[in-house]
Amino acid sequence: MNQKQTVTLRPDEDGIAAAAQLLRSGECVAFPTETVYGLGADACNDTAVAGIYAAKGRPSFNPLIIHVDCMETARRYCDFTPDAERLAQAFWPGALTLVLPLKAESGISKLVTAGLDTVAVRVPDHAVGQALLAAFGGPVAAPSANPSGRISPTTMQHVLAGLDRKIAAVVDGGACGVGLESTIIGCTGAPVLMRAGGLPVEAVEACLGRRLMTEEDPSAPKSPGQLLSHYAPRGRVRLDVTAPDDGEVLLGFGEVDGAPLNLSPSGDLTEAASGLFAALHQLDNMGAERIAVAPIPDHGLGRAINDRLRRAAAPRGD
Ligand code: TXA
Ligand code: MG
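Residues numbered from 1 in each chain as written. Chains lettered and ligands numbered in written order. Predicted model: local features only at pLDDT ≥ 70, side-chain atom pairs only at ≥ 80, totals over all residues. Heavy atoms only, no water.

## What to know about helix H1 (residues 13-24)
Counted only if it meets this: Each helix is a run of DSSP H or I of at least 4 residues and each strand a run of E of at least 2, with the numbering of both proceeding from the N terminus. The span you would expect from a helix comes to 1.5 Å times its residue count less one. Pairs of residues are marked as contacts when any of their non-hydrogen atoms sit within 4.5 Å.
In this model, H1 (12 residues) spans 16 Å end to end at C-alpha, consistent with the 16 Å of a helix rising 1.5 Å per residue. On its buried side, H1 packs onto strand E1 (7-9), strand E2 (29-31), strand E3 (38-42), helix H6 (127-136), strand E7 (140-141) and strand E8 (169-171). Once H1 finishes, Gly26 follows within two positions and takes phi at roughly 90°, a positive value.

Pasting the structure below:
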């Protein structure tokens, strides 16, 4: 599986049909969603799912999200609690993943759920991703299409930079609009925020009419995949910096001086989210060894951006 050329496919009918066929034959195919590129495989095929873990070098205790074309398809694999029903109606297709009770006889590979009795599911809001899921006709397991622990990809070029020759194909859908992974809400009991992401937490709370539990809450179920060091560029990262040290490259936000890259000169969090991973990739390409990041407000999408940046700054043990 390692030496094969990775085919790039156009997002037209032929390209999507070819991608669906590769998925049916058990191959891994990267495809665009509105959040980030996913590395897809047939969620009911153990060997195919193992291919995702192999290509990414992903720790096997970390379960995967299944992607489906619509809520009716999702119902074949999991049960919707009333809160989940309400959230799915409000936000699907979109940047929301729900962790729900897995149906018995769902057929989903245990490698997807890491043996849990729950499954994470979402319906992406992207014409190409949707077309691929509809053409494939079943659930596609897909983590972000990057080597484990590295920066998530928001373009086909990012995917190839990390996974060329490790996966069968990538479908080109241009740059992802949202630019951050989905928000994950555990919905097996009282709703729990498991990962801040592309859908602001405030929107989820407004829809439910109450505050979400967080994983710090002792009674909340935990998401096994939230490894602290993650989303890492090669350079060391320091956060909340107003005055960079000598030798640091400043990643700006809002009106700051001396930043060769700025996530949003006007201070717009949506723009900053959509360009965050691309900026981290670009800092890698520039060979930046020490990266200083300007302060970013911790509300709305800023919460998800700061979560990703804290992981990028976490000690790596390397
Ligand atoms: O936007 C996204 O969510 C992207 C695109 C490709 O859809 N996907 C993505 O997947 O970010 P991934 O695998 O990188 O993140 C999945 C997260 C992990 O942190 C994992 O631990 C958690 O979801 N997760 C998956 N299944 C779970 C479960 N049954 N219970 C709790 N957490 C789960
Ligand atoms: Mg990821």
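Moving on from the model shown.
## Examining the layout of surface pockets
Which entries qualify depends on this criterion: The way it works is a 1 Å grid over only the protein atoms, where trapped points that fit a 1.4 Å probe form a cavity and open points with protein on both sides within 12 Å along at least five of seven lines form a pocket, and then any residue with an atom within 4 Å of a point lines it. Grid points are joined across faces, edges and corners, and a volume is the space filled by probe spheres set on the points.
In this structure, the second largest pocket spans a volume of roughly 290 Å³. Lining the second largest pocket are 12 residues, and of these Leu193, Met194, Ala196, Glu216 and Asp307 sit closest to its centre. Mapped onto the lining of the second largest pocket, the elements with two or more residues apiece are strand E10 (192-195) and helix H10 (301-313). Per-element accounting of the lining of the second largest pocket gives the leading share, 4 residues, to H10.

## Examining the sheet that holds strand E13 (residues 249-252)
Under the convention used in this document: Any two strands with at least two DSSP bridges between them are considered paired. Orientation is described by axes fitted as lines to C-alpha atoms, over the contacting stretch for helices, and by angles from 0 to 180 degrees between their N-to-C directions.
Read across the sheet, 4 strands follow the order E12-E15-E13-E14 without closing on themselves; strand pairing throughout is parallel. The two strands at the open ends of the sheet, each matched to only one other strand, are strand E12 (236-238) and strand E14 (261-262). One ladder, built from 3 bridges, connects E12 with strand E15 (residues 290-293); its direction is parallel. If you follow Val237 over to E15, its bridge partner there is Ile291. Contacts from helix H9 (residues 269-285) reach E13, E14 and E15 within the one sheet, and its direction differs from that of E13 by about 165°.

## Thoughts on the pattern of salt bridges
Side chains that differ in charge, positive against negative, can pair when their charged atoms come close. Just so we agree on the cut-off: Within this document, salt bridges are pairs made up of a side-chain nitrogen of Lys or Arg and a carboxyl oxygen of Asp or Glu, the two lying within 4 Å of each other. Categorising residues by exposure relies on relative accessible area from a 1.4 Å probe, with only protein chains included: less than 20% of the type maximum marks a residue as buried, more than 50% marks it as exposed, and the intermediate range marks it as partly exposed.
All chains considered together, the criterion is met by 15 salt bridges. Here Arg75 and Glu72 are joined by a salt bridge, their closest N and O atoms 3.1 Å apart. Since its relative accessible area comes to 51%, Glu72 is described here as exposed. Ionic pairing is found between Arg75 and Glu85, a salt bridge with its closest N-O pair at 2.8 Å. Highlighted residues: Arg75 in the loop between helix H3 (71-74) and helix H4 (82-91) and Glu85 in helix H4, separated in sequence by 10 residues. Judged by relative accessible area, Arg75 falls into the partly exposed class, the value being 26%. Residue classification places Glu85 among the partly exposed residues on the basis of a relative accessible area of 24%. Counted as one network, the salt bridges with shared partners bring together Glu181, Asp307, Arg308 and Arg311.

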